[in-house]
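Overview (structure and organization)
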Amino acid sequence: MILETISHLVAICADHGITHAILSPGSRCAPLTLAFARHPKIHTRTISDERSAAFIAMGMAQQLQKPVVLVCTSGSAALNYYPAIAEAYFQQIPLLVLTADRPPEWIDQYDGQTIFQDGVYGKHVKKSFSFLPESTSPDALWQGIRTANEAIHLAEAFPQGPVHINVPLREPFYPENGEEIIFPKAQVVLKSKAKICLHEDAKRELKSRLRNFNRILLVCGQERPNPRVLEQLDLLSKAKKIVVISDSISNFQSDHTITLHDHWLGLKEIKEQLSPDLILSFGKSIISKSLKLFLRGSAASHWHISPDGTAKDTFQRLTRVLCSEKLDFFTWLLETIEPKDADFHDQWHQLQHSVSQMLPRVLSESEFGEYPALQEVVQRIPPFSKIHVANSMAVRYLNFLGKRSQEIICNRGTSGIDGSNSTAVGCTFTTKEPVTLITGDLAFFYDRNAFWHNYSMPNLRIILLNNHAGGIFRLIDGPSRQPELEEFFETKQSLSARNISDEFGFGYVEVKDRLSLQKALEQFYSPSIKPKLLEITTESKKNADILAGVKDKISRHLLSYGFWKTRI
């Protein structure tokens with residue numbers, strides 16, 4: 001029979017508005033699996049590879065902004081969740097992770113599929129709970145109900161994140177033939193959500209301090225799109241009150257924000273003219289290493305906006321944490337501060353304008369390779385598509401190319417190559433709009449089990465940049481100078497995605513030049529019943545040469561004409 005604690009747990013999940021669960025096959029987890037599968041309000045899917053399953057759940061939760069349940073059996077299955085749980089923790093994505101376990105008396109007794117599961121995810125979950133192994137007493141049921149409510153609330157509370165419940169289970173695991181699972185009326189504990197904003201005394205103090213700053217730079221960290229916040233940022237920028245910098249993963253890019261900063265912040269002659277005296281920031285990580293180094297080398301104060309009052313000192317300049325919602329703070333800021341140093345604002349925007357005019361021409365004149373190919377691709381991606389982008393060079397190329405209107409999603413919590421395919425697959429389960437995955441060869445082949453399931457993904461489009469190596473290592477000074485580069489850093493490989501496409505029934509085309517790429521893109525986003533994969537085959541060394549050549553042309557152009565010194 002299904003334990004009463006389990007049926008209460010599932011009912012509580014449903015009444016909290018959790019509607020999706022990703023299950024992986026196993027016997028020890030059968031009571032959990034059957035209860036979720038039979039609940040009428042929860043949509044369950046089965047993904048055999050637990051590592052892929054966890055990233056798929058994360059990709060869903062990132063879009064839904066609600067916890068997605070993960071269920072696995074005992075033993076190493078739980079360990080395979082770990083990469084995605086760490087990513088979700090640092091990206092602040094809610095997951096409810098349920099791991100079935102042996103009862104405590106059988107732990108470390110050479111029993112099958114048994115490891116130390118209590119607290120197995122360490123600091124990479126917001127909290128780890130454990131159900132009692134017995135559920136016959138009223139107190140055990142009360143503990144299970146209380147734990148379920150607390151875990152769900154904690155996963156959803158700011159900052160959102162993964163929460164783990166370990167569930168020891170004894171046999172029998174399966175109900176008798178014809179036995180129904182009765183879901184009780186859930187004992188849901190509700191919590192009110194307070195709006196976090198600056199109190200009046202803090203606003204008066206900040207207003208006074210803001211008078212001391214004339215060159216204010218706002219850095220947007222990784223976030224989901226928020227049109228209302230972007231509207232306030234655009235108004236602040238147009239009024240020349242602040243300069244707004246947005247990486248692609250920040251999702252706050254517009255005609256009034258700086259998005260091409262990587263093209264000039266490495267130039268000493270330019271960046272010395274652009275130093276701020278106050279850095280404002282919100283959100284999580286940024287991609288641009290040159291921006292990080294630029295801000296770490298400044299003498300600016302740094303204020304971080306965070307509803308829960310926590311902040312990371314990324315730029316080594318942190319002086320104040322502002323406990324406020326973003327929208328409230330920027331609305332107040334727009335009403336409060338006067339226009340600042342116009343030259344400071346104009347210098348940043350003149351550089352942005354100059355590079356935006358020059359970059360497409362330089363890329364169109366370059367040899368065929370990943371960078372110019374991706375420029376062709378992004379022009380064809382529908383404006384309503386979600387763009388998932390893998391780490392290493394794929395996300396950097398996208399950042400170099402500047403403003404995008406689509407939502408950009410990347411696993412920058414831990415910045416690993418694992419799970420990029422799976423996260424995009426999870427996204428396809430939440431929307432009928434196109435989901436575009438831009439990925440490199442190592443990330444793509446590493447996560448091929450993302451497609452090993454029985455669910456349709458007609459809206460998935462994959463752009464594979466295959467240079468048969470880890471091309472980013474040619475751009476890093478250390479490994480690029482070593483004789484072991486190709487064997488031990490690039491890890492050259494000869495794989496093609498054609499076989500994977502055939503295996504999973506994807507539409508497939510390979511291109512090796514600009515003309516065939518343009519032709520392939522003409523029909524790439526037309527409706528289909530299967531995913532489509534476009535493999536762009538290039539050479540690693542040539543890609544490095546193209547990137548260096550583009551950077552050199554733009555740098556020489558900016559330095560020759562001194563655009564950073566001229567007002568618009």
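To start, this report covers the structure provided alongside it. Every value quoted in this text rests on a predicted model; they were computed, and no experiment measured them.

Structural notes on the overall build of the protein chain
The helix and strand inventory of the protein chain stands at 21 helices and 17 strands. The principal-axis extent of the C-alpha atoms belonging to the protein chain is close to 80 × 65 × 45 Å. The 568 residues of the protein chain split such that 56% are buried. In the protein chain, the proportion of contacts linking residues at least 24 apart, taken out of those at least 6 apart, comes to 76%. Only carbon and sulfur atoms are counted for the fraction: they give 50% of the accessible area of the protein chain, which is about 24,400 Å². Placing the 64 positive and 62 negative side-chain charges of the protein chain at their respective mean positions leaves the two points 6 Å apart.

Focus: the pairing of strand S7 (residues 216-220)
For S7, the buried fraction is high: 5 of the 5 residues fall into the buried class. Taking every second residue as pointing to the same face, both faces of S7 are buried, with Ile-216, Leu-218 and Cys-220 on one and Leu-217 and Val-219 on the other. Note: S7 against strand S9 (residues 278-282), 5 bridges, orientation parallel. Within S9, the residue paired with Val-219 across the bridge is Ser-281. Across 4 bridges, S7 lies against strand S8 (residues 243-246) in parallel orientation. Across the sheet, the residue bridging to Cys-220 is Ser-246, located in S8. Each parallel crossover has a hand, and the one from S7 via helix H8 (residues 227-238) to S8 is right-handed.

As for the nonpolar core
Formed by 62 residues in total, the largest nonpolar core has its most connected members in Trp-264, Trp-348, Tyr-371 and Ile-536. Ranked by residue count, the leading element in this core is helix H12 (residues 342-364), at 8 residues. What Trp-264 contacts, discounting residues up to four positions off in sequence, is Ile-258, Ile-270, Leu-274, Trp-348, Leu-351, Gln-352, Val-355 and Leu-558. In this structure, Ala-54, Val-68, Leu-70 and Ala-77 belong to the second largest nonpolar core, which totals 46 residues.

Quick look at the sheet that holds strand S1 (residues 20-23)
Spatially, 6 strands are ordered S2-S1-S3-S4-S6-S5 in an open sheet, and the strand pairing comes out parallel. Since the sheet does not close on itself, it has two edges, and those belong to strand S2 (43-46) and strand S5 (128-130), each with one partner. Taken over all neighbouring pairs, the strand axes of this sheet differ in orientation by 20° on average, direction set aside. Sheet analysis places S1 next to S2, joined by 4 bridges and oriented parallel. Residue pairing across strands places His-20 opposite His-43, the latter belonging to S2.

A look at the packing of helix H7 (residues 200-210) against helix H11 (residues 326-336)
For the pair H7 and H11, interaxial distance at closest approach is 11 Å and the crossing angle is 50°. By the criterion of interaxial angle, the relationship of H7 to H11 is oblique. You can see that H7 and H11 cross each other, and the crossing is right-handed. On the side of H7, the interface is formed by Lys-203, Leu-206, Lys-207 and Leu-210, while H11 contributes Phe-329, Trp-332, Leu-333 and Thr-336. Residues of the contact of H7 with H11, tallied by class, amount to 5 nonpolar, 1 polar and 2 charged.

A word on H12
The end-to-end C-alpha distance of H12, which contains 23 residues, comes to 34 Å, matching closely the 33 Å that a straight helix rising 1.5 Å per residue would cover. The principal kink in H12, of about 30°, is found at Met-358, preceding the proline Pro-360 by one to four residues. For H12, the N-terminal cap is Asp-341; the gap from its side-chain oxygen to the backbone nitrogen of Asp-343 is 2.9 Å.

A look at the sheet that holds strand S13 (residues 407-409)
Pairing is parallel across the open sheet formed by 6 strands, whose spatial order is S13-S12-S14-S15-S17-S16. Single-partner strands in this sheet number two, and they are S13 and strand S16 (507-511). On average, each strand axis in the sheet is tilted by 15° relative to the strand beside it, whichever way the strands run. Strand direction decides the pairing type here: S16 and strand S17 (residues 532-537), joined by 5 bridges, are parallel. From the neighbouring strand, Gly-507 faces S17, where its bridge partner is Lys-532.

The rules behind the values
Residues numbered from 1 in each chain as written. Predicted model: local features only at pLDDT ≥ 70, side-chain atom pairs only at ≥ 80, totals over all residues. Heavy atoms only, no water. Helix = DSSP H or I, 4+ residues; strand = E, 2+ residues; numbered from the N terminus. Buried < 20%, exposed > 50% of the residue type's maximum accessible area, 1.4 Å probe, protein only. Contact = heavy atoms within 4.5 Å. Areas by Shrake-Rupley, 256 points an atom, 1.4 Å probe, with all protein chains shown as cover. Lys, Arg positive; Asp, Glu negative; His and termini not counted. Charge placed at Lys NZ, Arg CZ, Asp CG, Glu CD. Pairing = 2+ DSSP bridges. Right-handed = clockwise from strand over helix to strand, strands pointing away. Core = buried A, V, L, I, M, F, W, Y, C linked by side-chain atoms within 4.5 Å. Axes fitted to C-alpha atoms, helices over the stretch in contact; angles between N-to-C directions. Parallel < 35°, antiparallel > 145°, perpendicular 65-115°, else oblique. Left-handed = near helix turned anticlockwise from the far one by under 90°. Nonpolar A, V, L, I, M, F, W, Y, C, P; charged D, E, K, R; others polar. Expected span 1.5 Å × (residues − 1). Bend = angle between axes of the 7 residues up to and from the residue. Polar contact = N/O pair within 3.5 Å; in protein donor to acceptor, adjacent residues only side chain to side chain.

Honestly, that's just the spatial picture; any functional story needs more than this.
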